[in-house]
Amino acid sequence: MENDRYAKELEVAVRVVHVACALCRRVQEKLFSNDSDHVLSKDDDSPVTVADFSVQATVSWLLSATFGVENVSIVAEEDIQTISKDDSANLLAAVVNTVNESLALASNYGLQSPESTLGNSEVLEAIRRCNSTGGLRGRHWILDPVDGTLGFVRGDQYAVALALIEDGNALLGVLGCPNYPLKAESLNYNHQHHHETMSESSSPVCDASEKGCILYARKGSGEAWLQPLISRDKVLEWPNYAQLIRVSSVDDPALATLCEPVERANSNHSFTAGLAHSVGLRKQPLRVHSMVKYAAIARGDAEIFMKFARSGYKEKIWDHAAGVVIVEEAGGVVTDAGGRPLDFSKGMYLECLDRGIIACSGITLHEKLIAAVYASWDSSNL
């Protein structure tokens, strides 16, 4: 049956992301409790954490253990160059320890744990196996182990994103958002550094029962779901209070909330601001780290996400695949700025992307934004 075709893959993916989110929470607690070697700088200057490498190794090991190493192809952000260097011994030790700690608890989430603890070489091999480049043929898992590492190290929003692409089509999307408030009214729209960011009103590491969720969807189902994260001493009992989520019904630009990236380095805020003004958006934009922007739209907490990259920046598939599936199944629309669906079949990058990405809660807002892009686009903007 078509409905059951990817049921196992989706359930396994959700369970795996639960493990990854629990891992991230443990690492984040340590990060805020002491200064350590847990953060280093990557070639593109974004912070890399123990969580990045540990999530990648853990997800890689769990998917391989469940479906067989030979059946699992993973496209993921991290490679082993950084962590294999001689001066990264402390980082590697922390990652191996974190991975073993997480895999030992995998049975709490209905997944297989290793028979014995993994050594350095096995953890490095699990990270290295995530070396697929995707493409038009075959089945590939797409992983962003910690999307929004800057949000992670600040105790703000970040996400664990896992998607399944088959023959170039994004079929499953799972988005773990460990700091995302379960109740929309807990979202704190507060001014920081002259712009609004989404954060929690209390400390970065607070009561797990009030925040943290996983959103997931299967393409073509017309349904997107949300599960709360579970606290560390609990066992995941499927389907874990899953509830259907839907996009907002707001279609008046004056009432719509726009999500923007926080980082200015690779996105053009000025063009977005001009576009927002031209279609009549009046609310302050909500600047959010990571793919949590897609979660906000899927759950109805915001209506629009636009990202126009600066010249030379290429969007990566792991920054969008999971979020796109979830928003579309929750009733939203995601295209490039020319109105075309995002193409995940070209490898690691969204090649042939027309100017930028526009995600909306509905077709009315989307059409207004696409029209505004055509009316106001000037190539000198980027």
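Residues numbered from 1 in each chain as written. Predicted model: local features only at pLDDT ≥ 70, side-chain atom pairs only at ≥ 80, totals over all residues. Heavy atoms only, no water.

- Under the annotation held in an unreviewed UniProt entry, the protein carries the name 3'(2'),5'-bisphosphate nucleotidase and is attributed to Arachis hypogaea.
- Per UniProt, the comment on the protein under Cofactor (unreviewed entry) is "Mg(2+)". (UniProt positions renumbered as here; feature names shortened; annotations may be inferred.)

### Some points on the side chain of Glu 329
Logical step 1: Along the chain, Glu 329 falls in helix α9 (residues 321–329).
Logical step 2: The charged side chain of Glu 329 is buried without a salt bridge, its nearest counter-charge being Lys 219 at 5.4 Å.
Logical step 3: Of the polar contacts made by the side chain of Glu 329, one reaches the backbone nitrogen of Gly 220; its length is 3.0 Å.
Logical step 4: Sequence-distant contacts of Glu 329, that is, excluding residues within four places in its chain, are made with Ala 217, Arg 218, Lys 219, Gly 220, Ser 221, Gly 222, Glu 223, Ala 224 and Arg 246. (Helix = DSSP H or I, 4+ residues; strand = E, 2+ residues; numbered from the N terminus. Buried < 20%, exposed > 50% of the residue type's maximum accessible area, 1.4 Å probe, protein only. Lys, Arg positive; Asp, Glu negative; His and termini not counted. Salt bridge = Lys/Arg side-chain N within 4 Å of Asp/Glu carboxyl O. Polar contact = N/O pair within 3.5 Å; in protein donor to acceptor, adjacent residues only side chain to side chain. Contact = heavy atoms within 4.5 Å.)

### Quick notes on the environment of Trp 238
Logical step 1: Looking at the secondary structure, you find Trp 238 in the loop between β10 (224–228) and β11 (243–245).
Logical step 2: Expressed as a C-alpha distance, the spacing of Trp 238 and Glu 11, which sit 227 residues apart in the sequence, is 8.9 Å.

### Section: helix α7 (residues 269–279)
Residues three or four positions apart in an α-helix share a direction because the helix packs 3.6 residues into each turn.
Logical step 1: Here α7 has its buried residues at His 269, Phe 271, Thr 272, Leu 275, Ala 276 and Val 279. Buried residues of α7, seen end-on, are gathered within an arc of 160° and therefore sit on one face of the element. Facing away from the buried surface of α7 by more than 90 degrees, the exposed residues are Ser 270 and His 277.
Logical step 2: In this structure, the buried side of α7 is in contact with β12 (258–261), β13 (286–288), β14 (304–308) and α10 (363–376).
Logical step 3: Trailing α7 by a residue or two, Gly 280 shows a phi angle of about 95°, which is positive. (Arc of directions from axis to C-beta.)

### A few points about the sheet that holds strand β3 (residues 74–76)
Logical step 1: Strand order in the open sheet formed by seven strands is β3-β4-β5-β6-β9-β10-β11, and the pairing between neighbours is mixed. The sheet is open, and its two edges are formed by β3 and β11, each paired on a single side. Recorded for the sheet is a direction-independent mean angle of 25° between the axes of neighbouring strands.
Logical step 2: Of the strand pairs in this sheet, β3 and strand β4 (residues 139–147) are connected by three bridges, and their pairing is parallel. Across the sheet, residue Ile 74 finds its bridge partner in β4, namely Trp 141.
Logical step 3: Sheet contacts for helix α2 (residues 50–67): β3, β4 and β5 (159–166); angle to β4, the most-contacted strand, approximately 150°. (Pairing = 2+ DSSP bridges. Axes fitted to C-alpha atoms, helices over the stretch in contact; angles between N-to-C directions.)

### Let's talk about the UniProt feature "binding site: Mg(2+)" (unreviewed entry) in the protein
Logical step 1: Using the residue numbers shown here, the UniProt feature "binding site: Mg(2+)" (unreviewed entry) corresponds to Glu 77, Asp 144, Asp 147 and Asp 319. Considering the C-alpha atoms alone, the annotated residues occupy 243 residues of sequence yet fold into one spot, their largest mutual distance being 9.5 Å.
Logical step 2: Secondary-structure assignment places Asp 147 in strand β4.
Logical step 3: A residue is classified by how much of its surface remains accessible, and Asp 147, at 9% relative accessible area, is buried.
Logical step 4: If sequence neighbours within four positions are ignored, Asp 147 has contacts with Tyr 158, Ala 159, Ser 290, Met 291 and Asp 319.
Logical step 5: Along the chain, Asp 319 turns up in the loop between β14 and α9.
Logical step 6: For Asp 319, a relative accessible area of 15% translates into the label buried.
Logical step 7: Setting aside residues up to four positions removed in sequence, Asp 319 forms contacts with Asp 144, Asp 147, Met 291, Tyr 294 and Tyr 313.

### Some thoughts on the packing of aromatic side chains
Logical step 1: Evaluation of the coordinates by the stated rule reveals five aromatic pairs.
Logical step 2: Ring centres 6.0 Å apart and planes at 25° place the aromatic pair Phe 67 and Trp 141 in the stacked group. Here Trp 141 lies in strand β4 and Phe 67 lies in helix α2, a separation of 74 residues in the sequence.
Logical step 3: Plain terms: the ring middles of Tyr 216 and Trp 238 are 6.4 Å apart, the flat faces sit at 40° to each other, and that makes the pair tilted. Of the two residues, Tyr 216 sits in strand β9 (residues 211–218) while Trp 238 sits in the loop between β10 and β11, which places them 22 residues apart along the sequence.
Logical step 4: A relative accessible area of 6% means that Tyr 216 is categorised as buried. (Phe/Tyr/Trp six-rings, centres within 6.5 Å; stacked < 30°, edge-to-face > 60°.)

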